[in-house]
There are 2 protein chains.
Amino acid sequence: MKTEIIAVGTELLLGQIANTNARFLSEKLAEKGINVYWHTVVGDNPARLAETFSIALTRADLIIFSGGLGPTMDDLTKETVAEVLNLALEKDEAWTEELERIFARLERVMTDNNYKQALIPRGARLLINDHGTAPGIWLEHGGKIVVLLPGPPRELMPMFTAQVLPLLPEKDGVILSRVLKITGLGESAMEERIADLVANQTNPTIAPLAKDVEVHLRLTAKAATRGQAQKLLDATEAKLLTRLGETVFARDEESMAGAVAGLLFKRNQTIAVAESCTGGLLAHMLTNVSGSSAYFMQGQVVYSNRSKTELLGVQPELIEKHGAVSEEVARKMAENLRRRSSCDFALAITGVAGPTGGTAEKPVGLVFIAIAKAEGISCRKFNFIGNRETIKERAVMAALNMLRLYLLDING
Amino acid sequence: MKTEIIAVGTELLLGQIANTNARFLSEKLAEKGINVYWHTVVGDNPARLAETFSIALTRADLIIFSGGLGPTMDDLTKETVAEVLNLALEKDEAWTEELERIFARLERVMTDNNYKQALIPRGARLLINDHGTAPGIWLEHGGKIVVLLPGPPRELMPMFTAQVLPLLPEKDGVILSRVLKITGLGESAMEERIADLVANQTNPTIAPLAKDVEVHLRLTAKAATRGQAQKLLDATEAKLLTRLGETVFARDEESMAGAVAGLLFKRNQTIAVAESCTGGLLAHMLTNVSGSSAYFMQGQVVYSNRSKTELLGVQPELIEKHGAVSEEVARKMAENLRRRSSCDFALAITGVAGPTGGTAEKPVGLVFIAIAKAEGISCRKFNFIGNRETIKERAVMAALNMLRLYLLDING
């Protein structure tokens, strides 16, 4: 069943809001195994709305509208749909009474505009709105299903879930997705390793998506049942893990910090962090994980050189000699922090987040990350690209990944 | 100039992400007075992509694509556009060299897929990507302008603002928006103060939008020129400020941390922070502001009781007697931190972020925030609602707002 979602509203075309209704509807339809092929947004303009609907009728089997059902003059979705399909609008007695009850309760006078909301195209089925005055509409016509939903998400979401989803045929089985999250491997290097799978696998399909600081592989499986779809996903995930190994750090909603937290928790070990250029983001990520007080003991945001000395005991001479952004200072920060905090691990980050402060020798994006552990200290040098926030994020990701690999006994 | 924005990506059709690029582009185009009439989303499918582009060519003068420019096999926007317009793809020597430089710097091997990113349609102009490897493309063909932008917002946004907007003609008058950001006042309390303005003003319109930790008021003005639109916005902003006063903390892209940073910078004063439940988020927000090393000296994430004692000298007896989440401990954290760091201000936060750790006496969301300054220490108690991340955000917002009001000499 090919589906098109048409959102109606000039506020979308002016960029005042994002089309979150289309996101919600698409997600729910995918779970039901229904393919969404197009999202379209069009303004409160009857001619363009009619044209958009006509194009949809040529290519889609299920057309879902959101918006344009309100009482005002620029709300024209219902009128336009009825006109294109050549259907008369008829008064729905039950909804008229419901509206009169609502207005009586609010002690407001009902205008002609409000009565307009009780009109529905001949042959259509009314969908009750528990959160507003605009009912939805379900219409089957010429082999197509046309659904009209109100624009406010608080009205659209429960109406769709409770009244529309149950009416839709469960045709093509179930579509289930799983995301594998990858770091430490560029999008194209990753693709080299798995190109044959991406090209040849059709169920599940494998779609790479480069995020700012990680790459996601989305597997999407179709099957008759949820269980069968899970099995297909499991089999493909196993194949991918053989190729990608430890570069896969998490699945679905899990974060890098969550993965590290899980490992520390399992080993009953603790961590302290010292941050210069990342300015608290590493501590923030680690403490976003619920229950983090079990393993996260303390963080030091040593932004000034003075704080590096006073809080972490990094000798001014060392900073003088090598610079605050140097392997020597990163190592000393980690070493001293581990000793002072008595934690199992200390992670230390020093670098240049930019946009100012870079030099030819130490450019924006240069970051040293050290990890102190019982076996000693290791340190890596990175050259990140991006703006200030991206460099902070990339550095935190790299630091957490260094610890993750160490905890997995892969290197470090 | 009729505009269509086409986003390419199956992840949008599966509802995995919302089309925020279209929102951003529409907003920027509206500011320039360019009418966006359609948003379309289509998947990584060459036939449907070609069909969508062909429809756009019949109705729009300016067509902007986002997404599908990556190095992988399912990135097909450039290839499809070239095919529909019957243009050859040619290697751009300068971008090839740039890619080789980027890969050398990252110490990664460049694959054939990466070289594909340096191909551009004959006659097109390359748009430089400062944040990734996929260049954008500007193409004029048969009286139409076709622009191809990379999908990741961090790449698309600066490319569009710096390189595409200046090339676009300024035509149909200007629509300009301004956002006033408000904190410390609920949405309905705010509405009480300004209901008559919201109801009666049509240019600019005033639209309230409740965010998680702040409320936004969006003013949208239409005028013949940018200057006239600015004047309309200024006049309405002045009216609103009379009603809302110091609850308005920032405008447009400015953040609360940015507002506080500006005040500290102007007064040439410094700050240190101590965080328990917010876990580094306060330091992270303050250090997101470029140039923050001028005023931000250090942060302490004192998650464990031991770290509160060892790093900030909070006596174990005080914690024992009042609990780590108490006014007494918050005050002591701020007091000791200010003395030890020699900063002008010390902000300290202690609370229960949840979801676990709450008790009847000290429930999830209870937070104490203290600020130490030359005149002494003040402390406020808050009861925030929300999940762990929201409580962290609300606490940081409240802490920064306390400091902002003090710096504005309003209270504290």
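Analysis parameters
Residues numbered from 1 in each chain as written. Chains lettered and ligands numbered in written order. Predicted model: local features only at pLDDT ≥ 70, side-chain atom pairs only at ≥ 80, totals over all residues. Helix = DSSP H or I, 4+ residues; strand = E, 2+ residues; numbered from the N terminus. Rg over C-alpha atoms; globule rule 2.2 N^0.38 Å. Buried ≥ 20, exposed ≤ 12 C-beta atoms within 10 Å, placed from the backbone. Pairing = 2+ DSSP bridges. Axes fitted to C-alpha atoms, helices over the stretch in contact; angles between N-to-C directions. Contact = placed C-beta atoms within 7 Å. pLDDT = per-residue confidence, 0-100. Parallel < 35°, antiparallel > 145°, perpendicular 65-115°, else oblique. Left-handed = near helix turned anticlockwise from the far one by under 90°. Nonpolar A, V, L, I, M, F, W, Y, C, P; charged D, E, K, R; others polar. Expected span 1.5 Å × (residues − 1). Core = buried A, V, L, I, M, F, W, Y, C linked by C-beta atoms within 7 Å. Domains from an automatic or database assignment.

Caption draft 1: Spatial organisation of the overall build of chain A. Tallying secondary structure elements over chain A gives 15 helices and 17 strands in all. Compactness check: chain A gives a C-alpha radius of gyration of 28 Å against a globular reference of 22 Å for 412 residues, more than 25% above the reference. When its C-alpha atoms are laid out on the principal axes, chain A stretches across 85 × 50 × 40 Å. Buried positions account for 48% of the 412 residues belonging to chain A.

Caption draft 2: View of the sheet that holds strand β14 (residues 296-302) of chain B. If you trace the ten strands from one edge of the open sheet to the other, you get β17(A)-β16(A)-β15(A)-β13(A)-β14(A)-β14(B)-β13(B)-β15(B)-β16(B)-β17(B), paired in mixed fashion. Both outer strands of the open sheet, β17 (376-383) of chain A together with β17 (376-383) of chain B, are each paired with one neighbouring strand and no more. Taking the axes of each pair of neighbouring strands and ignoring which way they run, one obtains an average angle of 10° across the sheet. In terms of strand pairing, strand β13 (residues 271-275) of chain A meets strand β14 (residues 296-302) of chain A through five bridges, oriented parallel. When the sheet's bridge partners are listed, valine 273 of chain A is paired in β14 of chain A with glycine 299 of chain A. Its contacts with the sheet put helix α12 (residues 305-312) of chain B on β14 of chain A together with β13 (271-275) and β14 of chain B, and the angle it makes with β14 of chain B is roughly 145°.

Caption draft 3: Representation of the sheet that holds strand β9 (residues 174-182) of chain A in the model. All names here are of chain A. Pairing is antiparallel across the open sheet formed by four strands, whose spatial order is β10-β11-β9-β12. A strand with exactly one partner marks an edge of an open sheet, and here the two such strands are β10 (205-210) and β12 (248-251). When strand polarity is set aside, the average angle formed by the axes of neighbouring strands in this sheet is 25°. Inspection of the sheet shows β10 paired to strand β11 (residues 215-223) by six bridges, in the antiparallel sense. Each bridged residue has a counterpart across the sheet, and for leucine 209 the counterpart in β11 is histidine 216.

Caption draft 4: Molecular detail of the interface of chain A and chain B. Listed as interface residues are 68 residues of chain A and, on the opposing side, 67 residues of chain B. Looking at chain direction, β14 of chain A and β14 of chain B are connected through five bridges and run antiparallel. Within β14 of chain B, the position partnered with valine 301 of chain A by the bridge is glycine 299 of chain B.

Caption draft 5: Spatial organisation of the confidence of the model for chain A. Overall, the predicted model of chain A reaches an average pLDDT of 91, with 99% of residues at or above 70. Strand β3 (residues 62-66) of chain A holds the highest mean pLDDT among the elements of chain A, 98, whereas β10 of chain A holds the lowest, 82.

Caption draft 6: Representation of the environment of threonine 161 of chain B. Within the secondary structure layout, threonine 161 of chain B lies in helix α7 (residues 153-164). For the pair threonine 161 of chain B and threonine 236 of chain B, spaced 75 residues apart in sequence, the C-alpha separation works out to 27 Å.

Caption draft 7: Seen up close, the pairing of strand β3 (residues 62-66) of chain B. Residues and elements named next belong to chain B. Of all five residues in β3, five are buried, a share of seventy percent or more. What you see with β3 is no split at all: Leu62, Ile64 and Ser66 on one side and Ile63 and Phe65 on the other are buried throughout. In the sheet, strand β1 (residues 3-8) pairs with β3 via five bridges, with the strands oriented parallel. From the neighbouring strand, glutamate 4 faces β3, where its bridge partner is isoleucine 63. Here β3 runs beside strand β8 (residues 144-149); their pairing, made up of five bridges, is parallel. Note on β8: the bridge partner recorded for isoleucine 64 is valine 147.

Caption draft 8: Molecular detail of the packing of helix α11 (residues 281-288) of chain B against helix α15 (residues 388-407) of chain B. Residue and element names in this part refer to chain B. Relative orientation of the contacting elements α11 and α15 amounts to 60°, with a least axis distance of 9 Å. Here α11 lies oblique to α15, going by the angle between them. Here the hand of the crossing between α11 and α15 comes out right-handed. Note on element contacts: α15 touches α11 through Lys392, Val396 and Ala399, opposite Leu281, Leu282 and Met285. Counted by class, the contact of α11 with α15 contains five nonpolar, no polar and one charged residues.

Caption draft 9: Inspection of helix α10 (residues 256-267) of chain B at higher detail. Residues and elements named next belong to chain B. The first and last C-alpha atoms of α10 sit 17 Å apart over twelve residues, in line with the 16 Å expected at 1.5 Å per residue. Among all positions of α10, only Met256, Ala257, Ala259, Val260, Ala261 and Leu264 are buried. Elements that come into contact with the buried residues of α10 comprise β12 (248-251), β13, α11 and α15. Directly after α10, the chain includes asparagine 268, whose backbone phi takes a positive value near 55°.

Caption draft 10: Seen up close, the nonpolar core. Membership of the largest hydrophobic core comes to 124 residues, with the highest contact counts inside it found for Ala334, Leu347 and Ala399 of chain A together with Ala334, Leu347 and Ala399 of chain B. Here alanine 334 of chain A is in contact with Ala274, Ala346, Leu347, Ala348, Ala370, Ile371, Ala372 and Ile377 of chain A, once residues within four sequence places are set aside. In this structure, Ile64 and Phe65 of chain A together with Tyr37 and Leu139 of chain B belong to the second largest nonpolar core, which totals 98 residues.

Caption draft 11: Molecular detail of the domain arrangement of chain A. All names here are of chain A. Assigned domains within chain A: domain 1 (2-167), domain 2 (174-251) and domain 3 (256-407). For domain 2 versus domain 3, the distance between C-alpha centres works out to 31 Å. Domain 2 puts eight residues into the contact, and the matching count from domain 3 is ten residues. Each residue belonging to the side of domain 2 that touches domain 3 can be placed in one class, and the counts come to three nonpolar, two polar and three charged.

Caption draft 12: Here's a closer look at unusual backbone geometry. Note the cis peptide between asparagine 203 of chain B and proline 204 of chain B, where omega equals 5°. Looking at the secondary structure, you find proline 204 of chain B in the loop between α8 (187-200) and β10 (205-210). Across the junction of glycine 354 of chain B and proline 355 of chain B, the peptide omega takes the value 0°, indicating a cis bond. Relative to the helices and strands, proline 355 of chain B is located in the loop between β15 (345-351) and β16 (366-373). Here the phi dihedral of serine 342 of chain A falls at roughly 55°; this positive angle occurs in a residue that is not glycine. Relative to the elements of secondary structure, serine 342 of chain A occurs in the loop between α14 (327-341) and β15 (345-351).

Caption draft 13: Geometry of the packing of helix α10 (residues 256-267) of chain A against helix α15 (residues 388-407) of chain A. All names here are of chain A. Where α10 meets α15, the closest approach of the two axes is 10 Å, and the angle between their N-to-C directions is 35°. The interaxial crossing formed by α10 with α15 has left-handed handedness. Counted together, Met256, Ala257, Ala259, Val260, Leu263 and Arg267 of α10 and Met397, Leu400, Asn401, Leu403, Arg404 and Leu407 of α15 form the full contact between these two elements. Partitioned by chemical class, the residues of the contact of α10 with α15 number nine nonpolar, one polar and two charged.

Caption draft 14: Representation of the environment of leucine 148 of chain B within the structure. Residues and elements named next belong to chain B. Its location among the elements puts leucine 148 in strand β8. Sequence separation between leucine 148 and serine 326 is 178 residues; the distance between their C-alpha atoms is 55 Å. In this structure leucine 148 touches Phe65, Leu69, Thr77, Lys78, Val81, Gly136 and Ile137, once residues within four positions along its chain are discounted.

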